[in-house]
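# Descriptive structure summary
Take a look at the letters that make up each chain.
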Amino acid sequence: MQKEASRDGPPRSPVLSVKNVSYWYGSKQALDDVSFEVFPGRVTALLGPNGAGKTTLFSLITRLFDAPTGRIEICGRSASDWGAKALGPLGVVFQQPTLDLDLTVKQNLRYFAALRGLKRKEADERMLRALKALDMEERIGERVRALNGGHRRRVEIARGLLHSPQLLLLDEPTIGLDDPTRRAIVRHVHELARTDNIGVLWATHLFDEVQADDDLLVINRGKIIARGKAKDVVAETGAKDLGGAFRLLIGGETEEDIAA
Amino acid sequence: MSFMHYLRAFRGIVWRELLRFLQQRERFFAALVRPLIWLIIFAAGFRAALGISIIPPYETYITYDVYITPGLLGMIQLFNGMQSSLSMVYDREMGSMRVLLTTPLPRWFLLLSRLFAGVIVSLFQVYAFLLVAYFCGVELPPLGYLTALPALVLSGMMFGALGMLLSSTIKQLENFAGIMNFVIFPMFFASSALYPLWKMREGSLWLYYICLYNPFTWAVELIRFAFYLEINWQALGIVAGCTLLFLALSVWAYDPSFGIQQRKVGAAAAAG
């Protein structure tokens, strides 16, 4: 396993390591030799257009699909060696809403805490803490059906953090949300990565969700076509901003073409 | 993963199923009303028209409503098993199945826990029906209410496992109507639930053979004998064997390496 040289201390091991992973749906190749790493305390943005392979990659990391080639390790544990146990340090917020609409926020979170083996008392304490951080503690007794989209997303993020994961996967978590809610969630997740030293893999196709200092992976047609710090990727392409850089990368256009 | 983790996860899965069941009161009443209509209306009519000879496990002549009670219990459990299947398809469409399947516990354990949760829900329905049936004059051996419990658990497991297997093959919620037409009704009618097998044989030999190879028949017979403090070993073997078979196929279907779930979800992801 490779280690990242840290400016402030000893090298850090990646919380997620994806090596040479390819995947096919029948004859259609969805992922082509994908490799990357996610480090603790860092947000890694996986930027790609719809159908680029982001959800397939998430399905492989979460073991919803089995990777036929390559290797995926979460905190040094591969699902092929450790089975479901490898998913222990993982928190996930799926693109599709996954809360039980007929249960309350508390009941949903308690159910998840039970699946993660948390004691009731400990679960309740963590639940309150996570909801408070997301300004949702007053909605704890409400049925999820009564919450708006933004609040449901916050509950899903709180749920993803309940068991103190070392790696948080977010698959386009802000889809369908209004701008202020979207920005609040982006800010909160970046704070979490810093304060709780969580490695975050954030799949998105929205440029403004990526911060200049984030690690960036650009994926298109199942291939990682650019990687590095977001600001460096922009600089390398000569574009004015990430949107321009992205268009150059996936379309092969020059900055002048985009300007024209 | 410690034993306590498994225990808490199991408790959580059962608790969620019970909560959902309690919130769907219509489901409870529908589960109760359906067999009661059969018992009160259908059985009342047939009581006069149909004589039941003395066949094991009965040691004397019995009324028709006593005869069909085990079949109606099987019906409750069959409907509940299919309801679980519907609920799994719903969970898959709504995404909550992903939460369950990305838990760091073996998939067989998660599916088995889900199955047990469904069985526990079905037992509430079964004993509520038996209580109403008792007040409608259906008298069964008092100890039978207890001795039938293991048989009810096993038959509930078989129907739940069948439902789980079917849920892995159903693409959309809308397709559930097909299950009603092609699974529930044929299984119920082509069985010993409404008529004894010998009577079926008199009427139609081919139908008799269909009934004989129908696992529902054997679940009903297992429950029937258990109520009279007897074990029908043939029924026990067939029901246990079918449970294991359906369960193994369900775990296979939901396994990320081999299962049909992967192809199905994958096709959707590729389209998206």
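Everything numeric here is computed off the predicted structure, so don't read it as measured data.

### Topic: the overall build of chain B
- Assigned secondary structure in chain B consists of 12 helices and zero strands.
- With 272 residues in all, chain B has 47% of them scored as buried.
- Within chain B, contacts between residues separated by at least 24 positions form 77% of all contacts whose residues are at least 6 apart in sequence.

### Looking at the overall build of chain A
- Looking only at helices and strands, one finds nine helices and 10 strands in chain A.
- Over its C-alpha atoms chain A spans a radius of gyration of 19 Å, differing by no more than 12% from the 18 Å that the globule rule assigns to 260 residues.
- Judged by the C-alpha coordinates and their principal axes, chain A covers about 55 × 45 × 45 Å.
- Here chain A holds 260 residues, and 48% of them are scored as buried.
- Across chain A, contacts joining residues at least 24 apart in sequence account for 63% of those joining residues at least 6 apart.

### Let's talk about the domain arrangement of chain A
All names here are of chain A.
- Per the domain assignment, the segments making up chain A are domain 1 (1-14 + 38-89 + 165-252) and domain 2 (99-164).
- Using only C-alpha atoms to locate each centre, domain 1 and domain 2 end up separated by 24 Å.
- Looking at the side of domain 1 that touches domain 2, the element that brings in the most residues is helix H6 (residues 179-196), giving three residues.
- Its residues assigned to classes, the side of domain 1 that touches domain 2 comprises five nonpolar, three polar and one charged.

### Details of the sheet that holds strand E8 (residues 199-204) of chain A
Residues and elements named next belong to chain A.
- In space, the six strands of this open sheet follow the order E6-E7-E8-E3-E9-E10, with mixed pairing throughout. If you trace the sheet from one side to the other, it starts and ends with strand E6 (90-93) and strand E10 (223-229), each paired once. Mean inter-strand twist for the sheet, computed between neighbouring axes without regard to direction, equals 15 degrees.
- Sheet topology note: the E6/strand E7 (residues 167-171) ladder contains four bridges and is parallel. Across the sheet, the residue bridging to Val93 is Leu170, located in E7.
- Sheet contacts for helix H5 (residues 149-161): E6 and E7; angle to E6, the most-contacted strand, approximately 170 degrees.
- In the packing of helix H8 (residues 242-251) onto the sheet, contacts are made with strand E3 (43-47), strand E9 (215-220) and E10, and the angle to E9 comes to roughly 40 degrees.

### Remarks on the interface of chain A and chain B
- Between chain A and chain B, the residue contacts involve 32 residues of the former and 32 residues of the latter.
- At the level of secondary structure, the elements contributing two or more residues to the side of chain A that touches chain B comprise strand E2 (28-38), helix H1 (54-61) and helix H3 (105-115) of chain A.
- Across the side of chain A that touches chain B, the residue classes tally to 14 nonpolar, 12 polar and six charged.

What counts, and at which threshold
- Residues numbered from 1 in each chain as written.
- Chains lettered and ligands numbered in written order.
- Predicted model: local features only at pLDDT ≥ 70, side-chain atom pairs only at ≥ 80, totals over all residues.
- Helix = DSSP H or I, 4+ residues; strand = E, 2+ residues; numbered from the N terminus.
- Buried ≥ 20, exposed ≤ 12 C-beta atoms within 10 Å, placed from the backbone.
- Contact = placed C-beta atoms within 7 Å.
- Rg over C-alpha atoms; globule rule 2.2 N^0.38 Å.
- Domains from an automatic or database assignment.
- Nonpolar A, V, L, I, M, F, W, Y, C, P; charged D, E, K, R; others polar.
- Pairing = 2+ DSSP bridges.
- Axes fitted to C-alpha atoms, helices over the stretch in contact; angles between N-to-C directions.

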